[in-house]
Amino acid sequence: MGRSTQSKFSAKKPRQVRDAEATKKQILDAAEAEFARNGLQGARTEAIAKGSGVTTAMIYYYFQSKEGLYQAVLQRPAVEMHEGFEQLNLDQFPPEEALQVLVKEAIAYEAAHPHRGMLWFQEANQNQGKYFKQGNWQENFSYLIKILERGMAKGCFRQIDPFLTTLHIIGVCNLYFNAYENIKHTRPDLQLLSPEMIEQHTQAAVNFILAGVRRTEN
């Protein structure tokens, strides 16, 4: 009897874990949209509950507070990008190829979350990066900085400031998406978020970045 009861509970446990993770994802997705619109100060927990289809009590059960939920929302992209970059195993590629791979991965991630940039705007505007700095973004920056330093050491990249160049590369990759709601009015004839246009943006960004860092022979 004891073994039978234990097996029933064991069979249910994986589903309970999956359901919990699915619920947390629903909450995080709805919270991301609400925080992107209104920031931490203006976001309403009731709106997040409605958008995720759960009760406010469930939100507090998983995240303790609106601030805790906000921190989790900002932490998620940092973790996702770190895991994505880690899986690329960039050290296996020559510097120029590694840079192309990373840029393409970064743009693909931005394309999958085209409105996430509003989170960073709201965070900078309302909190001056107080919560952003908890995301350990230095680690994500280090993937690009390391490639640039490796390229300079091998002589295939010109001598540049790795940190500033990293910021410039991020701008090339991200502005397309972060400023989309404004940029779309400059070319209403183009579907900027269509797969075809994103592919054009990706290739143009790769070419532009490589042209900027390559060492040229005099």
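Residues numbered from 1 in each chain as written. Predicted model: local features only at pLDDT ≥ 70, side-chain atom pairs only at ≥ 80, totals over all residues. Heavy atoms only, no water.

Looking at an unreviewed UniProt entry, the protein chain carries the name TetR family transcriptional regulator, with the source organism given as Nostoc commune NIES-4072.

**Description of the overall build of the protein chain**
Check the secondary structure of the protein chain and you find ten helices and zero strands. Element order for the protein chain, N to C, with α for helix and β for strand: α-α-α-α-α-α-α-α-α-α. Referenced to the eigenvectors of the C-alpha coordinate spread, the extents of the protein chain come out at roughly 80 × 50 × 35 Å. Expressed as a percentage of the 218 residues in the protein chain, the buried residues total 39%. Intrachain contacts of the protein chain at a sequence separation of at least 6 include 68% that bridge at least 24 residues. Accessible surface, the protein chain: about 13,100 Å² in total, of which carbon and sulfur atoms supply 54%. Of note, the protein chain has its 25 positive side-chain charges centred 8 Å away from the centre of its 24 negative side-chain charges. (Helix = DSSP H or I, 4+ residues; strand = E, 2+ residues; numbered from the N terminus. Buried < 20%, exposed > 50% of the residue type's maximum accessible area, 1.4 Å probe, protein only. Contact = heavy atoms within 4.5 Å. Areas by Shrake-Rupley, 256 points an atom, 1.4 Å probe, with all protein chains shown as cover. Lys, Arg positive; Asp, Glu negative; His and termini not counted. Charge placed at Lys NZ, Arg CZ, Asp CG, Glu CD.)

**Some words on helix α10 (residues 195-213)**
In this model α10 runs 27 Å from its N-terminal to its C-terminal C-alpha over 19 residues, within 8% of the 27 Å that 1.5 Å per residue would give. On its buried face, α10 is in contact with α5 (95-112), α7 (137-154) and α8 (162-178). (Expected span 1.5 Å × (residues − 1).)

**Description of the UniProt feature "DNA-binding region" (unreviewed entry) in the protein chain**
The UniProt record marks residues 44-63 with the feature "DNA-binding region" (unreviewed entry), using the residue numbering of this structure. Between the first and last C-alpha atoms of residues 44-63 the distance is 14 Å; the span itself is 80% helix and 0% strand. (UniProt positions renumbered as here; feature names shortened; annotations may be inferred.)

**So, the packing of helix α4 (residues 66-88) against helix α6 (residues 117-127)**
It is the contact of α4 with α6, at a shortest axis distance of 11 Å, that shows an interaxial angle of 130°. Here α4 is positioned oblique relative to α6, judged by the angle of their axes. Regarding α4 and α6, the two cross each other, and that crossing is left-handed. For the pair α4 and α6, contact is made by Tyr 70, Val 73, Leu 74 and Pro 77 and by Leu 119, Trp 120, Glu 123 and Asn 127, respectively. Of the residues in the contact of α4 with α6, the class split is six nonpolar, one polar and one charged. (Axes fitted to C-alpha atoms, helices over the stretch in contact; angles between N-to-C directions. Parallel < 35°, antiparallel > 145°, perpendicular 65-115°, else oblique. Left-handed = near helix turned anticlockwise from the far one by under 90°. Nonpolar A, V, L, I, M, F, W, Y, C, P; charged D, E, K, R; others polar.)

**Focus on the packing of aromatic side chains**
Counting across every chain of the model gives nine aromatic pairs. Arranged with centres 5.5 Å apart and planes meeting at 80°, the rings of Trp 120 and Trp 137 form a pair that is edge-to-face. Note that Trp 120 is positioned in helix α6 and Trp 137 in helix α7, a separation of 17 residues in sequence. Classification of Trp 120 as partly exposed rests on a relative accessible area of 21%. (Phe/Tyr/Trp six-rings, centres within 6.5 Å; stacked < 30°, edge-to-face > 60°.)

**Considering the pattern of salt bridges**
It is possible for side chains of opposite charge to pair when their charged atoms get near one another. For the coordinates displayed, the defined rule picks out eleven salt bridges. Of the charged contacts in the structure, one is a salt bridge between Arg 37 and Glu 34, with a shortest N-O distance of 3.1 Å. Of this pair, Arg 37 and Glu 34 both sit in helix α1 (residues 2-42), separated by three residues, roughly a single helical turn. Look at Arg 37 and you get exposed, because its relative accessible area is 54%. Taking the shortest distance from any N to any O, the salt bridge between Lys 146 and Asp 91 comes out at 3.1 Å. (Salt bridge = Lys/Arg side-chain N within 4 Å of Asp/Glu carboxyl O.)

**Looking at a nonpolar patch on the surface**
There is a patch of nonpolar side chains on the surface, built from Phe 163, Leu 164 and Leu 167 and spanning about 260 Å² of accessible area. Examined against the element boundaries, Leu 164 turns out to sit in helix α8. (Patch = residues over 30% accessible without salt bridge, like charges linked within 9 Å, V, L, I, M, F, W, Y side chains within 5 Å.)

**Focus on the UniProt feature "domain: HTH tetR-type" (unreviewed entry) in the protein chain**
Taken from the UniProt record, the annotation "domain: HTH tetR-type" (unreviewed entry) applies to residues 21-81. Between the C-alpha atoms that bound residues 21-81 the distance is 19 Å, and the span itself is 89% helix and 0% strand.

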